[in-house]
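# Examining the three-dimensional arrangement
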Amino acid sequence: MSTSSGIDYAKLLGFESVAAAAAFAASYVLLLGLFNELSPLIRPANAMFAHLSLFCTIRATAFTIRAVAARLDSVGHNSSFLLGDEILFNAGFFVLLYTLASNVQTASDAPVPAGIINIFLAVCWKLSVSTGMAFGIASIIQSRSINPGTVNLGKNLQKASTITSLVLTVLQTSLMLRIAWAEISIRVDADNRECGSWGVKYGCYIRCVISLLLLVREAFATAAIMNDTLAAQLLNNEHFWYPLIALPEILAVTLYVIPGVVVLSAVPVPLVDPNDVIEIATSSHTIHFGGLTRHSATVERSILVQSSPTLLNTRH
């Protein structure tokens, strides 16, 4: 495969607006800085913010390449350069899917089938994400071949990758909606909604919006990819690509900047007996016990446990 030729690959791929690509690149750099600032401050959510930072890094790099390719003819004619850009865009979405779905389990205290979710996330989800990403990368490489058979193989792999990502997005969205419905139905964290931050009060709704944004993105991508006639016209047209692919992604990630939307992992503490008085050092922690929720704004507070022996969870 030649790295440079007389073919303007950037134009074929629909890279036209330098300003739009530069604006998205700058926005992702800003989000990267915000997530890096939040990560050391909220230690239970370090992994979530680290994954979001990785996604922002990938997207900032990809949009920078897109802006440069649209501006400079020498880069736009470099097939290897554009190949790397496509691979980054493909891999980035699967990183985002894995990041969001890995946080679904801690999105609520509502009674959801945690065992099933654990198995799903630990095995099926990771395997599916890896497979979909591999199909996508392979499809991009195969589609650059001059052999018609290899090109057709690349198209089929691209369809398989897109369908995989759509299925994963639908599953992730359904889990999030189920958790949100359970929270609303049994009024879990009612005290948090009254005295917590805006993100804590409406976190379940915001997380549903995030999932639905990604679903819109994948529904369009799948509809375009499955139609061989319209695929290039839709995906290589910035009038469709930016509002239906790029915009839903950055809106979804931006919503995670709202305090309280990123859910922290529950921290187990020892079992206690009824009527025991325990001291819990907290700084605006929410203490869960016996199906009840209390919000403490003091540094240290005595809590009289009046429920049956149970495992306590704390959320920062």
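Computed from a predicted model, the values in this text were never measured in an experiment. (Residues numbered from 1 in each chain as written. Predicted model: local features only at pLDDT ≥ 70, side-chain atom pairs only at ≥ 80, totals over all residues. Heavy atoms only, no water.)

### Side note on the overall build of the protein chain
Secondary structure summary: the protein chain contains twelve helices and six strands in total. The buried share among the 316 residues of the protein chain stands at 43%. Long-range contacts, defined here as pairs at least 24 residues apart, represent 76% of the contacts in the protein chain between residues at least 6 apart. (Helix = DSSP H or I, 4+ residues; strand = E, 2+ residues; numbered from the N terminus. Buried < 20%, exposed > 50% of the residue type's maximum accessible area, 1.4 Å probe, protein only. Contact = heavy atoms within 4.5 Å.)

### Some details on the nonpolar core
By size, the foremost hydrophobic cluster in this structure holds 44 residues, and its most contacted members are Tyr28, Phe35, Phe63 and Tyr256. Element by element, the count of residues in this core is highest for helix H3 (residues 46-71), at ten residues. Setting aside residues no more than four positions away along its own chain, Tyr256 makes contact with Phe35, Met48, Phe49, Leu52, Leu100, Arg207, Ile210, Val261 and Val262. The next biggest cluster of nonpolar side chains, apart from the first, holds seven residues, and it includes Tyr9, Ala10, Phe15 and Val75. (Core = buried A, V, L, I, M, F, W, Y, C linked by side-chain atoms within 4.5 Å.)

### Observations concerning the side chain of Glu218
Structurally, Glu218 can be placed in helix H10 (residues 203-225). Only 2.4 Å separates the side chain of Glu218 from the side chain of Ser165, close enough to count as a polar contact. Leaving out residues up to four positions away in the same chain, Glu218 has contacts with Phe93, Thr162, Ser165, Leu166 and Thr169. (Polar contact = N/O pair within 3.5 Å; in protein donor to acceptor, adjacent residues only side chain to side chain.)

### Points about the confidence of the model for the protein chain
When pLDDT is averaged across the protein chain, the result is 74; 67% of the residues are at 70 or more. The least confident element of the protein chain, judged by mean pLDDT, is strand S5 (residues 300-304) at 32; the most confident is helix H12 (residues 238-255) at 94. Across residues 108-113 the pLDDT falls below 50, and counting only partners more than four positions away or on other chains, this stretch makes 17 contacts in the model. Predicted confidence is poor over residues 266-316, with pLDDT under 50, and the contacts of this stretch with residues over four places away or in other chains come to 102 contacts. (pLDDT = per-residue confidence, 0-100.)

### Some points on the packing of aromatic side chains
This model, assessed by the stated rule, comprises ten aromatic pairs. Measuring from centroid to centroid gives 5.1 Å for Phe24 and Phe63, while their planes differ by 20°, and the two rings are stacked. One end of the pair, Phe24, is in helix H2 (residues 18-38); the other, Phe63, is in helix H3, and 39 residues separate them in sequence. As far as burial versus exposure is concerned, Phe24 and Phe63 are alike and both buried. (Phe/Tyr/Trp six-rings, centres within 6.5 Å; stacked < 30°, edge-to-face > 60°.)

### What to know about the state of the cysteines
Summed over the entire model, instances satisfying the criterion amount to zero disulfides. Residue Cys208 stays outside any disulfide, its sulfur separated by 6.2 Å from that of Cys204, the closest cysteine. (Disulfide = S-S within 2.5 Å.)

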